[in-house]
Amino acid sequence: MNLIAAADRNWGIGKNNGLLISIPEDMQFFRASTIHNVVVMGRHTLESFPNAKPLPQRTNIVLSGKPDYEVKGATVVHGIAELKEELKKYDTDDVFIIGGDSIYHQFEPYCKVAYITKLDYEYDADAHFPNLDEKENWVLHDESEEHTYFDIPYTFACYYNTDVKEL
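Residues numbered from 1 in each chain as written. Predicted model: local features only at pLDDT ≥ 70, side-chain atom pairs only at ≥ 80, totals over all residues. Heavy atoms only, no water.

Enquirer: Mind showing me how you'd approach the sheet that holds strand β3 (residues 18–19) here?
Expert: Strand pairing in a sheet takes place through backbone hydrogen bonds and is either antiparallel or parallel in direction. One open sheet holds the 3 strands; their spatial order is β3-β2-β9, and the pairing between them is antiparallel. With partners counted over all chains shown, the strands left at the sheet margins are β3 and β9 (127–128), one partner each. Bridge count between strand β2 (residues 12–15) and β9: 2 bridges; the pairing is antiparallel. Paired with G12 across the bridge in β9 is H128. (Pairing = 2+ DSSP bridges. Helix = DSSP H or I, 4+ residues; strand = E, 2+ residues; numbered from the N terminus.)

Structure (structure tokens):
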């Protein structure tokens, strides 16, 4: 499985159920990476999308603790065990964990690759991604040259997990 996110210097990813910043090139990278694949998210992440609708041209899986929660165009699961069982139906290389922070933290050990847009800025975030630079099993494999969006420098980084856990 894969993780994909944009994170600031403190691995912040969001505030008040929204992104910290929307960078067009990052959005294009996200779309190109996830299109025709499986995206896994929590209910709050889905509800942060325009009209709270699933992403088109992807298999959307939503984790919600609400037992009666349903979403047209998505598979809804109601617990981690049910989500793990659902994910067994797919090739793990085609699965992207897209948020929010609790989903990232729970599934990080099971992911092989993390695609991180690293923002060289500190935001006032209330949601955070696991700090892969502090984890011995995550190795920075590749990082792009620096890009800039207005005055915010950022890079595209790819990390590999050297100790992927079985789902």
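Okay, back to it.
Enquirer: I keep staring at the pairing of β2 and nothing clicks. Help me out?
Expert: Where β2 meets β3, 2 bridges bridge the pair, whose relative direction is antiparallel. Bridge assignment links K15 to a residue of β3, and that residue is G18. Counted along the chain from β2 to the antiparallel partner β3, the turn is 2 residues long, and its residue N16 has a positive phi close to 50°.

Enquirer: I keep staring at helix α1 (residues 24–34) and nothing clicks. Help me out?
Expert: Three or four residues apart is the spacing at which side chains of an α-helix point the same way, because the helix has 3.6 residues per turn. Regarding α1, the residues found buried are D26, S33 and T34. Taken down its axis, α1 places every buried residue within 85° of arc, on the same side. Among the exposed residues of α1, those pointing more than 90 degrees away from its buried face are Q28 and A32. On its buried face, α1 is in contact with β1 (2–7), β4 (38–42), β7 (95–99), β8 (113–119) and β12 (152–161). Positive phi appears at H36, one or two residues downstream of α1, with a value of about 65°. (Buried < 20%, exposed > 50% of the residue type's maximum accessible area, 1.4 Å probe, protein only. Arc of directions from axis to C-beta. Contact = heavy atoms within 4.5 Å.)

Scope: geometric values only; no functional claims are made or implied.
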